[in-house]
Amino acid sequence: MTVHFIGAGPGAADLLTVRAVQRITTSPVCLYAGALVPVAVLEHCPPGAKLVDTANLTLDEIVHELVEAHRAGHDVARLHSGDPSVFSAVAEQARRLDAEGVPYEVVPGVPAFAAAAAALKRELTVPGVGQTVVLTRTSARATPMPEGEDLATLGASRATMVLHLAVQRIEEVVADLAPNYGADCPVAVVARASREDELVLRGTLADIAGQVREAGVRRTAVIVVGRVLAAEGFPDSHLYSAARCRAPQT
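Residues numbered from 1 in each chain as written. Predicted model: local features only at pLDDT ≥ 70, side-chain atom pairs only at ≥ 80, totals over all residues. Heavy atoms only, no water.

## Regarding the packing of aromatic side chains
The cut-off we apply is this: Any pair of Phe, Tyr and Trp rings, taking the six-membered ring for Trp, is counted once the centres come within 6.5 Å. Such a pair is stacked with planes under 30 degrees apart, edge-to-face with planes over 60 apart, and tilted for the rest. Runs of H or I in DSSP of at least four residues are treated as helices and runs of E of at least two as strands, each being numbered from the N terminus. With a 1.4 Å probe rolled over the protein chains alone, any residue whose accessible area is under 20% of its type maximum counts as buried; one over 50% counts as exposed, and the rest are partly exposed.
Counted by the stated rule, this structure contains 1 aromatic pair. Between Phe5 and Tyr104, the aromatic rings sit 5.8 Å apart at their centres with planes inclined by 75°, giving edge-to-face as the arrangement. Taken together, the residues Phe5 in strand S1 (residues 3–7) and Tyr104 in strand S5 (residues 104–107) connect sequence positions 99 residues apart. Residue classification places Phe5 among the buried positions, given a relative accessible area of 0%. Overall, the relative accessible area of 31% leaves Tyr104 in the partly exposed class.

## Notes on the sheet that holds strand S6 (residues 133–137)
Note the following rule: Between any two strands, pairing holds if DSSP finds at least two bridges. Throughout, an axis means a line fitted to C-alpha atoms (over the contacting stretch in the case of helices), and angles, computed between N-to-C directions, take values from 0 to 180 degrees. The contact criterion used throughout is that any non-hydrogen atoms of two residues lie within 4.5 Å.
Read across the open sheet, the 5 strands follow the order S6-S7-S10-S8-S9; overall the sheet is mixed. Since the sheet does not close on itself, it has two edges, and those belong to S6 and strand S9 (199–204), each with one partner. Neighbour-to-neighbour, the strand axes of this sheet turn through a mean angle of 20°, independent of strand direction. One ladder, built from 5 bridges, connects strand S8 (residues 186–191) with strand S10 (residues 221–225); its direction is antiparallel. Looking across to S10, one finds that Ala191 is bridged to Ala221. Sheet strands touched by helix H7 (residues 170–181): strand S7 (160–164) and S10. Its angle to S7, the strand with the most contacts, is close to 165°.

## So, a negative patch on the surface
Selection criterion: Exposure above 30% relative accessible area and the absence of a salt bridge qualify a residue for a patch, where like charges join within 9 Å and nonpolar side chains (Val, Leu, Ile, Met, Phe, Trp, Tyr) within 5 Å. Accessible surface is estimated by sampling points in the Shrake-Rupley manner with a 1.4 Å probe; for residues, cover comes only from the protein chains shown. In the sections that follow, a salt bridge refers to a side-chain nitrogen of Lys or Arg positioned within 4 Å of a carboxyl oxygen of Asp or Glu. We count Lys and Arg on the positive side and Asp and Glu on the negative side, and we leave His and both chain ends out. Lysine's charge is taken at NZ, arginine's at CZ, aspartate's at CG and glutamate's at CD.
On the surface, Glu149, Asp150, Glu172 and Asp176 cluster together into a patch of negative charge. Inspection of the secondary structure puts Glu172 in helix H7.

## Observations concerning the side chain of Ser88
Condition: Polar contact is defined as a pair of N or O atoms within 3.5 Å, subject to the rule that within protein one atom must be able to donate a hydrogen and the other to accept it, and that residues adjacent in sequence are counted only when both atoms are side-chain atoms.
Looking at the element boundaries, Ser88 is found in the loop between strand S4 (76–80) and helix H4 (90–100). Within the local environment of Ser88, its side chain forms a polar contact with the backbone oxygen of Pro84, the two atoms lying 2.6 Å apart. In this structure Ser88 touches His80, Asp83 and Gln93, once residues within four positions along its chain are discounted.

Below is the structure:
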């Protein structure tokens, strides 16, 4: 049997992929983080499925559930918010499954930063303004950041930066980024992106911390920093230009 690591999307139940729904509906066991995965997603589970909320389980306890389900001959839907490729803790689970000889697959999902960009109605890569996106976080109570991945170092490029798991430290984020980006650099904070209670805050590095505190945003939020958020008068991309589209095919 197979463990399916499934990206459950940023929160809206209708942002699941077709493949994700197919895997959930055929898995007799489902592990999910109760605080992040909406109940509506669990409605895709088959009747009588074993539902395990992993919010208060240790890594070893989670892997035990996965291994035991496999030994019992059951497929497992292991739901992760957003997309499994970033900040999902899939790597350490997969490492343990490899050691146990348990097969698994990864089903991609809509990442939180994409849902945040959609809420802002902004492309994060704008011609002539920004073509690089840095996805990162801060340490706080999480695993320490590797050497050279601190915000001051990453911000030296002044590329568009998206921060997860950082809104509780918004003042420190501002202090670390302002020297490189400037106090007038546009910033947006999107809390609970794609959900009915989605909240969008727009400002600059000079005032965004105050807005976050006033709104009471403490978790489930993405911070986006960069000039692309206010880009105007930028050149059209080469992709759809007459020069490219009408060029002789070789």
